[in-house]
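Residue-level listing of the chains:
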Amino acid sequence: MVGEPKPHVLVAGPLPSTFPATATFRERLREAGLAESHADSVTGAGERLPDGTVDVLVVAGDADGAAALVDRANDHDVRCCVLDDASLPGADTAVDPAGPNPVATLVGVVHELAEPPAQADAIGESVGPAAVRETEGTPPSTARVLNEAPVGITVADVTHPDQPLVYVNDKFVEQTGYDREIAIGRNCRFMQGPATEDEPVRRMREAIDAGESVRVELRNYDRSGEMFWQAVSLAPIRDESGRVTHYAGFQNDITQRKRAELAAERHRAALAEERETLRTLLDRLDGLVEQVTGAVVEAQSRPALGEAVCSRLGTTYAAAWLATYDPATERIEPEWTAVSTLETDPAASLGSVPVSDPRSPVSTDGGTALDGVDGAGRPEPALLSRAVEDRTVAVAEDAGFRTDVGDVAAVPVTYRGTLFGLFCVYTDADTSLGREERAVLAAIGRTIGVGLNAIDSQSSLTTDSGFEVEFTVDGSALPLARLAERADCSLRQAGVVPGDDGRTVLCTAADATAAALRDAADAVPGVRSWTCITDRAENPLFAFALRDLPLLDAVETHGLRLADLQVDGGGVTVVARGEQEATARSLVDAVETEYGRVDVRGFRERPARETTLTEFVVDVEERLTDRQHRALATAIAAGYFEWPRETDGDELAESFGVARSTFHQHLRAALRKLLTAFDEAVAR
């Protein structure tokens, strides 16, 4: 009957430190409809076993005397549960105190061990004969429908003080892992745990008190202690008099749906955060791109462009500076600066920065991020080196070298891959440079590059000034380099003339005899033919017909002229001249891609001439035939016009394979056309 005593659970001594407070566990036992008491020590618990009032004993497995207490419990037919990761001999079961949801698990196990038949009788009586007859009289097909329903179904007796479950179907067992023997006779709160919220539990309690239906979604725990989401609908069941005697519960596992909803919510939050980031970015960069583009278009000189661009950047960032890059010195020194919110200009104390060591960590965040920058040092050298090397925006996040500075970014200024210079921007301490902003900075760098190239192009059209670049490269695979190595000498190009089988390079040799060069030329692949023009003891002159002239082709492809070429043990040194800085820089980049590291020895602007050299050269080339050009270039290289002459007309004619009179005819025609062109140029 309802008044019969409840199963009694005795908690022996202190519980393990990993287990929640003993008071919490005892409260949950009472909520589960069990009587409980606590003995302060294992010895005290053993003294209470003989009185016959204890049904289940709970003891920590590592407590002193726990094994002896279990033996004594067996002597008095008391079921025993050990709190430990392993059971003790004679104990009925064990619960791991460090496992998931240990309180709910232990309450369920204790309830199962108690198995109070008196409570089952009381539940049957509380349901009443009519309810029992209704259950017994349910047609098998209806019972099968209930048990095989795709949702969990429970029935609770609300006339009993603890409102225990009197029926659960198969789906409930599948969802929760609790067998009928464990679930029936217990209040459904045994599935609740730390993540169960109070609000849905309160709504169910209020609905039951009011005899109304309700639907809630809440977190419960299965028998393994794993949390899952349930959608629970409760509906009252009334007897003939209209009194609510039972409540039917319908449970759906909605864990997957809830996970999808939480994922969608996180996604929405991430999108909202990204939108806010973009809004902040647009607020800060509002008009910057347009202003920089306008400054680039309006600038008529490099200084004007540098000052205008820096001024625009300085209104957006805490500070900014712009510099051109000299590949000959491999150093960068700020030329134009602007400061808005910082007390001092960071460029003022930076000085000239070497960029010869570009090695540093790289990230995939839309640019290069150097996370390991020493906060005590300046981040700019590493940033500038990486920006030069990779042609990408390099960022030091939370640079730390100044308390009023957050991120620092070095941005390459490029035009079609050619590096013109770099600019740096500094943010305030509480501002960071996101991926989108780095992309904007990269675009600004390209815009400035377009402007610098346009200024150089305009200058080349109005003056004969230009750029000269001198560099050395390891061209050991080139035929001339192999010739010099085999003959153990140095070679210097004295001219390039057209020949019957392609272009021919005229070269003088230092520290080598003509015989040594002949032997070397015969042994080097790539030399199609050779001719010794002057067989002098020092600096003999040879004409080499080569299969390929890759360095000369590279110079001409980039719109430059080969002014000098020397080959020695240090490599191949090239001097090339052109009208635009961009073409000279582009040549260096192309040669570096093909042959590896390039040692730039000079990168300088040439002064303007009153008479345009380009026009004069083009005029002369158009006047001369190939044979006249070859005769003139060969005579100059062979010292024919020197006194005393280093060679005579017979030797030159022989190298041409023609009669002396024919050679002199070509040479006189070439000289006449050259002097005519010179006189006309001077007259203009």
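Residues numbered from 1 in each chain as written. Predicted model: local features only at pLDDT ≥ 70, side-chain atom pairs only at ≥ 80, totals over all residues. Heavy atoms only, no water.

> Could you give an account of the side chain of His-664, with specific residues and numbers?
Among the structural elements, His-664 can be located in helix 23 (residues 660-683). Since its relative accessible area comes to 13%, His-664 is described here as buried. Leaving out residues up to four positions away in the same chain, His-664 has contacts with Tyr-640 and Gly-649. (Helix = DSSP H or I, 4+ residues; strand = E, 2+ residues; numbered from the N terminus. Buried < 20%, exposed > 50% of the residue type's maximum accessible area, 1.4 Å probe, protein only. Contact = heavy atoms within 4.5 Å.)

> Can you tell me about the nonpolar core, naming the residues and giving the values?
Here is a general trend for soluble globular proteins: nonpolar side chains tend to be buried in one another's company. Of all hydrophobic cores here, the largest spans 44 residues; its most connected members are Val-469, Leu-480, Leu-483, Leu-491, Phe-544, Val-572 and Leu-587. In terms of residues, this core owes the most to one element, helix 16 (residues 479-487), which gives five residues. Among residues more than four places away in sequence, those in contact with Phe-544 are Leu-480, Leu-483, Arg-503, Thr-504, Val-505, Cys-507, Leu-517, Ala-521, Val-527, Ser-529 and Trp-530. Core analysis: the next-biggest nonpolar cluster, separate from the first, contains 28 residues, Val-292, Val-296, Leu-313 and Val-425 among them. (Core = buried A, V, L, I, M, F, W, Y, C linked by side-chain atoms within 4.5 Å.)

> Mind laying out the sheet that holds strand 4 (residues 79-83), listing which residues take part and the relevant values?
Across the sheet, which stays open at both edges, the five strands sit in the order 2-1-3-4-5 with parallel pairing between neighbours. Every other strand in the sheet has two partners, leaving strand 2 (35-39) and strand 5 (93-95) as the edge strands with one partner each. Taking each pair of neighbouring strands and ignoring which way they run, the sheet shows an average axis angle of 25°. Across the sheet, helix 1 (residues 22-31) touches strand 1 (8-12), strand 2 and strand 3 (56-60), and the angle it forms with strand 2 is around 155°. With respect to the sheet, helix 3 (residues 66-75) is in contact with strand 1, strand 3 and strand 4, its orientation differing from that of strand 3 by roughly 170°. (Pairing = 2+ DSSP bridges. Axes fitted to C-alpha atoms, helices over the stretch in contact; angles between N-to-C directions.)

> Can you lay out the packing of helix 21 (residues 626-637) against helix 22 (residues 649-656) for me, pointing to particular residues and giving the numbers?
Between helix 21 and helix 22, whose axes approach to 11 Å, the crossing angle comes to 135°. Relative to helix 22, the element helix 21 lies oblique. For the element pair helix 21 and helix 22, the recorded crossing hand is right-handed. Residues Arg-627, Arg-630, Ala-631, Thr-634 and Ala-635 of helix 21 lie in contact with helix 22, whose contacting residues are Leu-652, Ser-655 and Phe-656. By residue class, the composition of the contact of helix 21 with helix 22 is four nonpolar, two polar and two charged. (Parallel < 35°, antiparallel > 145°, perpendicular 65-115°, else oblique. Left-handed = near helix turned anticlockwise from the far one by under 90°. Nonpolar A, V, L, I, M, F, W, Y, C, P; charged D, E, K, R; others polar.)

> I'd love a proper account of the packing of helix 1 against helix 4 (residues 102-114), names of residues and values included.
Axis separation between helix 1 and helix 4 bottoms out at 10 Å; the angle between their running directions is 45°. Between helix 1 and helix 4, the angle is such that the two are oblique. Between helix 1 and helix 4 lies a crossing whose hand is right-handed. Here Phe-25, Arg-28 and Leu-29 of helix 1 lie close against helix 4, whose contacting residues are Val-103, Ala-104, Leu-106, Val-107 and Val-110. A per-class count over the contact of helix 1 with helix 4 returns seven nonpolar, no polar and one charged.

> Pulling in residues and values, what's your account of the side chain of Asn-220?
With respect to the element layout, Asn-220 can be found in strand 8 (residues 214-221). Taking relative accessible area as the criterion, Asn-220 reaches 5% and is therefore assigned buried. Of note is the side chain of Asn-220, whose polar atom sits 2.8 Å from the side chain of Gln-230. Those residues in contact with Asn-220 that lie beyond four places of it in its chain are Met-191, Gln-192, Thr-196, Glu-226, Met-227, Phe-228 and Gln-230. (Polar contact = N/O pair within 3.5 Å; in protein donor to acceptor, adjacent residues only side chain to side chain.)

> Go over the sheet that holds strand 7 (residues 165-168) with me, naming the residues and quoting the values.
An order of 7-6-10-9-8 is seen for the five strands of this open sheet, with the pairing classed as antiparallel. The open sheet is flanked by strand 7 and strand 8, the only strands paired with a single partner. In this sheet, neighbouring strand axes are inclined to one another by 30° on average, regardless of whether the strands run parallel or antiparallel. Sheet strands in contact with helix 10 (residues 198-210) are strand 8, strand 9 (227-238) and strand 10 (244-253), and its direction is about 135° off that of strand 8.

> Could you give an account of the packing of aromatic side chains, naming the residues involved and the relevant values?
In this description, a pair of aromatic rings is defined by centroid distance and the angle of the planes. Scanning all chains against the criterion turns up four aromatic pairs. Where Trp-530 meets Phe-542, the ring centres are 5.8 Å apart and the plane angle is 40°; that geometry is what we call tilted. With a gap of twelve residues between them, Trp-530 in strand 22 (residues 527-534) and Phe-542 in strand 23 (residues 541-546) connect regions that are remote in the sequence. Classification of Trp-530 by relative accessible area gives partly exposed; the value is 27%. By relative accessible area, Phe-542 is classed as buried at 0%. Here the guanidinium or amino end of Arg-186 rests over the ring plane of Phe-190, the centre of that ring lying 4.2 Å away. (Phe/Tyr/Trp six-rings, centres within 6.5 Å; stacked < 30°, edge-to-face > 60°. Lys NZ or Arg CZ within 6 Å of the ring centre and 35° of its normal.)

> Describe helix 4, and please don't skip the residues or the numbers.
An ideal rise of 1.5 Å per residue puts 18 Å on 13 residues; helix 4 measures up with 18 Å between its terminal C-alpha atoms. Among the 13 residues in helix 4, eleven count as buried, and that is most of the element. Taken together, the buried positions of helix 4 are occupied by Pro-102, Val-103, Ala-104, Leu-106, Val-107, Gly-108, Val-109, Val-110, His-111, Leu-113 and Ala-114. (Expected span 1.5 Å × (residues − 1).)

> If you had to explain the pattern of salt bridges to someone new, which residues and values would you point to?
A side chain of one charge can pair with a side chain of the opposite charge if their charged atoms are brought near each other. Per the counting criterion, the structure on display carries 28 salt bridges. The partner of Arg-268 in a salt bridge is Glu-265, with the nearest N and O atoms 2.6 Å apart. One end of the pair, Arg-268, and the other, Glu-265, are both in helix 11 (residues 255-285), three residues apart, so they sit about a helical turn from each other. Given a relative accessible area of 42%, Glu-265 falls into the partly exposed group. A salt bridge links Arg-435 to Glu-436; the shortest N-O distance between them is 3.8 Å. For Arg-435, a relative accessible area of 53% puts it in the exposed group. For Glu-436, a relative accessible area of 25% translates into the label partly exposed. Here the residues in one salt-bridge network are Arg-215, Glu-217, Arg-257, Lys-258 and Glu-261, joined through shared partners. (Salt bridge = Lys/Arg side-chain N within 4 Å of Asp/Glu carboxyl O.)

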